[in-house]
Amino acid sequence: MGNENNAKTSIDLTKAPEKITNKDLHRSWLRWWYANEIPHTYDRMIAPSFLWGITPILRKLYKDKDDLQEAYLRHTQFYNTQAVWGGGTILGITASLEEARARALAEGKEEEAVSADVINSTKVGLMGPLAGIGDAIDSGTVQYILIAIALPWAQGGSALGALFPWVAFVILTYMYGFYFTKLGYRLGRSAASEIIGGKNIRKIIDGLSVLGLFMMGILAASYVKVSSSLQWSISGKEFVLQDILDSVLPGLLPLATVLGVYFYFSKKGLKITQALVGLSLILGVLAAIGIL
Amino acid sequence: MGQASLSSIQALIIAIWVALVESRALGYSTLNLRFSPLMTGLVVGIVMGDVSTAMTITASIQLIYMGMIAPGGAMPSEPAVATAIAVPVAILAGLQPTEAIAVAVPVGLLGSYLYQFRFFLNTFIVRLTDKYAAELNDKGLTFSIIILPTIVSFALFVPAMYIGLYYGAPVIADFTASLSGGRIFHILDAVGGGLAALGIALILQVIGKTKYLVFFLLAYFTAVMLKPLGINTVTFAIVGAIIAYLYILVISESAESN
């Protein structure tokens, strides 16, 4: 921070930062992608992965040992985000901020340099909102669209049912994650507003949401199995409850079950374990007394 | 397969696979490996020499774990751990796929405690990272950020899974097989078939926007109506993509004309 008595007056060429190339960005993205949640802890979350990812870039930027050490330590502080939308973008943005800071420091313009506080608050400020988008899109939508496509293959006993969603997910997220890294580096901090508020990305997210919900409808129709085994006879005539339900609206019980859990979540929040136990009990009791 | 228990090599290979996934040592690709049981099911199938049965069972397990995402990193269950135990048990005991769910759910909950214990152990390693960062020791950082956490996770997951598979799986398989065919299995079947609703409801919540629920309903009734035609999911995915595209086209044009 403002260490003025250290100010340099002339430009020292041996301390000038090297240029950051596409290859450097790719290397850092790959390192971040790989380290991602390996060193996960409660107190720092995945800060060490970010540090490990950006290390080669910091090495190229800071030729002064004290500046480099300060940069290393800055990235050991608490950091947690989603790997692709948050991680890729923030990695690129941070690289551009670090580069601006390193250049100013090398030119001896300490007061004008991007401060360490700005770098930290940019990371911390963006990690939450971008992680929210990333979790919903990557983990919640893209992954499950791929699984929904492959599930019938798995059910039919094919290895492709396992390989397709995994390989496709890895390739897709790797590619657009690196795109976000480059976008973050090119646009700096405005990359975040591009992703959160930008029109085109908004459209892609909306389109994926529609496709995701559509595929869940297909899955629910084939794989949620709730049917009644109840039957009775009145004056010699057999009544089978499921047949009656099917003549009213086919697929009523599975749909009612899905929507029932959906509205439970809407009302009570995402209490998954409660919902799991509660639904198991309800289904179990109904099956035990012969209704299901 | 008339196998009564897993050989120690089989148990070890499955345990190492689970450790690879749960230590996150295969990079971000472990997100899918950890959330979805499919690849773990495939590995179990290959190791036990019955890919086809393993995949069918795993597909049922996948359904109850559909909505699994981990905001902030922690999940209420570990599907990969659950699958690594439930699929061998189901193959050994000759269980129906929906019955395997009854084994998977409690094991998955136990797995999440192991995973969280990993965070706790990593907390000690991060002090080493601080030290190496201050020394600008890049080799040390690779050791403390990548290598050591991986070794610690392996030390945690390999023995736990090996014991569960080698000693636990035959016992659970015997027990469940002795119950087979009775009223209890009708109940497990009903619970297993219905729990798929939970995962799907969870994704509907995650994707968000109640107004989009109409697309879920559209697809649901389309699939119910067309069931006799046996249309595959790739075809449905293409139709869904076209509908999504049309929707975006319509809203962006109405936004421009306003």
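The next point concerns the overall build of chain A. If you tally the helices and strands in chain A, you get 11 helices and 2 strands. The secondary structure elements of chain A, listed N-terminal to C-terminal, are α-α-α-α-α-α-α-α-β-β-α-α-α. Against the 2.2 N^0.38 benchmark of 19 Å for 292 residues, chain A shows a C-alpha radius of gyration of 27 Å, more extended than a compact globule. For chain A, the spread of C-alpha atoms along the three principal axes comes to 105 × 35 × 35 Å.

A tally of helices and strands in chain B yields 10 helices and 0 strands. Expressed as lengths along the three principal axes of its C-alpha atoms, the size of chain B is roughly 60 × 60 × 25 Å. Per-residue burial over chain B gives 50% buried out of 258 residues.

What follows deals with the packing of helix H1 (residues 8-22) of chain B against helix H5 (residues 79-93) of chain B. All names here are of chain B. Viewed as axis vectors pointing N to C, H1 and H5 meet at an angle of 170°, and their least axial separation amounts to 10 Å. Relative to H5, the element H1 lies roughly antiparallel. Here H1 contributes Ile 14, Val 18, Val 21 and Glu 22 to the contact with H5, which in turn contributes Ala 80, Val 81 and Ala 84. Looking at the contact of H1 with H5, its residues break down into 6 nonpolar, no polar and 1 charged.

So, about the nonpolar core. Counting residues in hydrophobic clusters, the biggest one holds 164 residues, and the most contacted among them are B:Ile14, B:Val18, B:Ala86 and B:Ile200. The residues contacting B:Val18, other than those within four sequence positions of it, are B:Thr40, B:Ala80, B:Val81, B:Ala84, B:Phe157 and B:Met161.

Turning to the interface of chain A and chain B, a few remarks are in order. Contacts between chain A and chain B engage 91 residues on the former and 89 residues on the latter. Contributing elements (two or more residues each) for the side of chain A that touches chain B: helix H1 (22-35), helix H2 (47-61), helix H3 (65-74), helix H5 (116-155), helix H6 (160-187), helix H8 (199-223), helix H10 (252-268) and helix H11 (272-288) of chain A. Among the elements that make up the side of chain A that touches chain B, the one with the highest residue count is H8(A) (18 residues). Of the residues that constitute the side of chain A that touches chain B, the class distribution is 57 nonpolar, 27 polar and 7 charged.

The subject of this paragraph is the confidence of the model for chain A. Here chain A shows a mean pLDDT of 89. Residues at 70 or above account for 96%. Counting contacts from residues 1-9 of chain A, a segment whose pLDDT is below 50, to residues more than four positions away or on other chains yields 8 contacts.

Residues and elements named next belong to chain B. With 95% of its residues at a pLDDT of 70 or more, chain B has an overall mean of 89. Here helix H8 (residues 183-207) stands out as the least confident element of chain B, with mean pLDDT 83; helix H3 (residues 38-48) is the most confident, with 97. Confidence metrics for the complex model read pTM 0.88 and ipTM 0.89.

Turning next to helix H9 (residues 213-226) of chain B. Taking 1.5 Å per residue as the helical rise, H9(B) with its 14 residues ought to reach 20 Å, and the 20 Å between its terminal C-alpha atoms agrees with that figure. Along its buried surface, H9(B) packs onto H8 and H10 of chain A together with H8 and helix H10 (233-257) of chain B.

In this fold, A:Tyr42 is placed in the loop between H1 and H2. Judged by the 13 C-beta atoms lying within 10 Å of it, A:Tyr42 is partly exposed. Apart from the residues within four sequence positions on either side, A:Tyr42 is in contact with B:Phe119 and B:Thr123.

For the rest of this paragraph, the subject is the environment of B:Ala54. Residue and element names in this part refer to chain B. Looking at where Ala 54 falls in the secondary structure, it is placed in helix H4 (residues 51-64). Given 28 C-beta atoms within 10 Å, Ala 54 falls into the buried group. Separated by 165 residues in sequence, Ala 54 and Ala 219 place their C-alpha atoms 29 Å apart. Other than its neighbours up to four places away in sequence, Ala 54 contacts Gly 41, Leu 42, Val 44, Gly 45, Met 48, Val 87 and Ile 91.

Time to look at the pairing of strand S2 (residues 237-240) of chain A. Residue and element names in this part refer to chain A. When strand S1 (residues 231-234) meets S2, the two strands line up antiparallel, connected through 4 bridges. Paired with Ile 234 across the bridge in S2 is Lys 237. Turn length for the S1-S2 hairpin, with the two strands adjacent in sequence and antiparallel, is 2 residues, and the turn residue Ser 235 shows positive phi of about 40°.

With a phi angle near 55°, A:Met45 is a residue other than glycine that sits in the positive phi range. Even without glycine at this site, B:Leu136 takes up a positive phi of about 55°. Tracing the chain through its elements places B:Leu136 in the loop between helix H6 (97-134) and helix H7 (138-179). Owing to 18 C-beta atoms within 10 Å, B:Leu136 belongs among the partly exposed residues under this scheme.

Right, let's talk about the domain arrangement of chain A for a bit. Taken as a whole, chain A is organised into domain 1 (1-223) and domain 2 (231-288). Distance between the C-alpha centres of domain 1 of chain A and domain 2 of chain A: 43 Å.

Parameters and conventions
- Residues numbered from 1 in each chain as written.
- Chains lettered and ligands numbered in written order.
- Predicted model: local features only at pLDDT ≥ 70, side-chain atom pairs only at ≥ 80, totals over all residues.
- Helix = DSSP H or I, 4+ residues; strand = E, 2+ residues; numbered from the N terminus.
- Rg over C-alpha atoms; globule rule 2.2 N^0.38 Å.
- Buried ≥ 20, exposed ≤ 12 C-beta atoms within 10 Å, placed from the backbone.
- Axes fitted to C-alpha atoms, helices over the stretch in contact; angles between N-to-C directions.
- Parallel < 35°, antiparallel > 145°, perpendicular 65-115°, else oblique.
- Contact = placed C-beta atoms within 7 Å.
- Nonpolar A, V, L, I, M, F, W, Y, C, P; charged D, E, K, R; others polar.
- Core = buried A, V, L, I, M, F, W, Y, C linked by C-beta atoms within 7 Å.
- pLDDT = per-residue confidence, 0-100.
- Expected span 1.5 Å × (residues − 1).
- Pairing = 2+ DSSP bridges.
- Domains from an automatic or database assignment.

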